[in-house]
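# Commentary on secondary and tertiary structure
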Amino acid sequence: MFIGHYSVSFASKKAEPKTPLWASFIGVQFVDILFMIFILFGIEGIRFVPGFTEVNNFDLYYMPITHSLVGGIGWSILCFLIFKFVFLRSKPYSDSLKNKISGLIGLTVLSHYFLDLPMHTKDLPILFDSGPKIGFGLWHNRTLSIATEVTLTLIGLVLYFRATKPGTTFGGKYGMQIFGGILLVLAVATPFFPPPLTIPEFSIQALVGYVLLAWVAGWLDGKRIPIES
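Residues numbered from 1 in each chain as written. Predicted model: local features only at pLDDT ≥ 70, side-chain atom pairs only at ≥ 80, totals over all residues. Heavy atoms only, no water.

The protein chain goes by Putative membrane protein in an unreviewed UniProt entry, where it is assigned to Leptospira johnsonii.

### Quick notes on the side chain of Ser7
Heads up, the rule is: A run of DSSP states H or I qualifies as a helix once it reaches four residues; a run of E qualifies as a strand once it reaches two. Both are numbered from the N-terminal end. Any pair of nitrogen or oxygen atoms within 3.5 Å is treated as a polar contact; in protein, a donor-acceptor pairing is required on top of that, and neighbouring residues in sequence qualify only through side-chain atoms on both sides. Any two residues whose heavy atoms approach within 4.5 Å at even a single point are treated as in contact.
Mapped onto the fold, Ser7 is located in helix α1 (residues 6-15). Here the side chain of Ser7 touches Gly4 through a polar contact of 2.6 Å, landing on its backbone oxygen. In this structure Ser7 touches Leu115, Leu152, Thr153 and Gly156, once residues within four positions along its chain are discounted.

### What about the side chain of Glu44?
Stated precisely, the cut-off is as follows: Residue exposure (1.4 Å probe, protein chains only): buried if accessible area is under 20% of the type maximum, exposed if over 50%, otherwise partly exposed. Charge counting follows a simple rule: Lys and Arg are positive, Asp and Glu are negative, and His as well as the terminal groups are ignored. We define a salt bridge as a contact between a side-chain nitrogen of Lys or Arg and a carboxyl oxygen of Asp or Glu at a distance within 4 Å.
One can find Glu44 in the loop between α3 (30-40) and β1 (45-48). Of the side chains with opposite charge, Lys133 lies nearest to the buried Glu44, which makes no salt bridge, at 9.7 Å. Polar contacts involving the side chain of Glu44 include one to the main-chain amide nitrogen of Ile65, which spans 2.8 Å. In this structure the side chain of Glu44 is engaged in a polar contact, spanning 2.7 Å, whose partner is the side chain of Thr66. In this structure Glu44 touches Phe35, Phe38, Ile39, Tyr62, Met63, Pro64, Ile65 and Thr66, once residues within four positions along its chain are discounted.

### Focus on helix α6 (residues 95-116)
Selection criterion: The span you would expect from a helix comes to 1.5 Å times its residue count less one. Here the bend at each residue means the angle between axes fitted to two seven-residue stretches, the one ending at that residue and the one beginning there.
For α6, built from 22 residues, the straight-helix expectation of 32 Å at 1.5 Å per residue is met to within 8% by its first-to-last C-alpha distance of 32 Å. Along α6, the helix axis deviates most sharply at Leu110, where the bend reaches about 30 degrees.

### Comments concerning the layout of surface pockets
Gaps left between atoms are located by rolling a probe of water-molecule size over the structure's atoms. The condition that has to hold: Lining residues are defined by having an atom within 4 Å of a point belonging to a cavity or pocket. Those points lie on a 1 Å grid over the protein atoms alone, cavities being sets where a 1.4 Å probe fits but cannot get out and pockets being open sets with protein on both sides within 12 Å along at least five of seven lines. Grid points are joined across faces, edges and corners, and a volume is the space filled by probe spheres set on the points. Residue type decides the class: Asp, Glu, Lys and Arg count as charged, Ala, Val, Leu, Ile, Met, Phe, Trp, Tyr, Cys and Pro as nonpolar, and the leftover types, Gly among them, as polar.
Within this model, the largest pocket holds a volume of roughly 1,000 Å³. If you trace the largest pocket, you find 42 residues lining it, with Phe2, Phe58, Thr190, Phe193 and Phe202 closest to the centre. Counting only elements with at least two residues in the lining of the largest pocket, the list comes to α3, β2 (58-62), α6, α7 (142-163), α8 (170-189) and α9 (199-221). If you tally residues by element for the lining of the largest pocket, the top one is α9, at eight residues. For the lining of the largest pocket, a count of residues per class yields 25 nonpolar, 11 polar and six charged. A volume near 170 Å³ is recorded for the second largest pocket. Considering the residues around the second largest pocket, the lining is formed by Trp22, Ala23, Ile26, Gly27, Phe30, Cys79, Ile82, Phe83, Phe87, Ile105 and Val109. Of the residues belonging to the lining of the second largest pocket, the class tally is 10 nonpolar, one polar and no charged.

### Digging into the UniProt feature "transmembrane region" (unreviewed entry) in the protein chain
Condition: UniProt positions are given in the numbering used here, feature names are shortened, and annotations may be inferred rather than shown by experiment.
Within this numbering scheme, the UniProt entry marks residues 21-41, 61-87, 99-115, 144-162, 174-193 and 199-220 as carrying the feature "transmembrane region" (unreviewed entry). The span residues 99-115 shows a helical share of 100% and a strand share of 0%, and its end C-alpha atoms are spaced 24 Å apart. The straight-line gap between the two end C-alpha atoms of residues 144-162 is 27 Å; of that span, 100% is helix and 0% is strand.

### Quick look at the nonpolar core
The criterion, for reference: Only buried Ala, Val, Leu, Ile, Met, Phe, Trp, Tyr and Cys residues count toward a nonpolar core, and they belong to the same one when joined by side-chain atoms within 4.5 Å.
Of all hydrophobic cores here, the largest spans 36 residues; its most connected members are Tyr6, Phe10, Phe25 and Phe179. With eight residues, α9 is the single largest residue contributor to this core. Those residues in contact with Phe25, other than ones at most four positions away along the chain, are Tyr6, Ser9, Phe10, Phe179, Leu183, Leu213, Ala214 and Ala217. Among the nonpolar cores identified, the runner-up in size contains seven residues, and Leu34, Phe38, Trp75 and Cys79 belong to it.

### Focus on empty space enclosed by the protein
Taken as a whole, this structure holds one cavity of 30 Å³ or more when the rule is applied. Its boundaries defined by the atoms lining it, the largest cavity holds a volume of some 40 Å³. Lining the largest cavity are Val31, Thr66, His67, Ser68, Gly72, Val109, His112 and Tyr113. If you list the elements that add at least two residues to the lining of the largest cavity, you get α4 (64-67) and α6. It is α6 that contributes the most residues to the lining of the largest cavity, three residues altogether.

What follows is the structure, encoded as structure tokens:
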């Protein structure tokens, strides 16, 4: 799962319009951001195996810190605490609103595991690397994988547009629609991209992509107007 993860980011805006979209974009990819850093230093591991699945060549053989269920829970709690006590510390919000926004950010982090589950091969640990690993393997079917990513992204975009209304500028009126279209194109095109050849190439490209998408999402979100419930 790649683009489909952002469906949760868009949905979080519907759950609470004050949730910053840049933060939920980082949230849904937080464990992948860590993974890309960890593989650079040999803390976790990936092998590139041609034809491993129809979608990609990723043999994700060791990632208990970032992609285990217990790891996902731990990272989500950490992100909840960081967001509440660092990013929202100076905001003039009530404690209940701070808890709600931070809780949504924490849930975006945890959502990564559950959206990876249908896509991955059996490489997602529950507790430790030596224990059971699960994954339903949709990556073995390119058509179903793309359809899943596109469907989830569309659902998220619909929820987002129901939670916000256009701003007065061009970006406010049309920016998010253009961005959403780009995301849908990426959801379809990504399985056809040339596979990475080295870990640094893979890691750096991914990290740049995650940061760039989060920045653009936050910038365009700031040009739209939240619809308060």
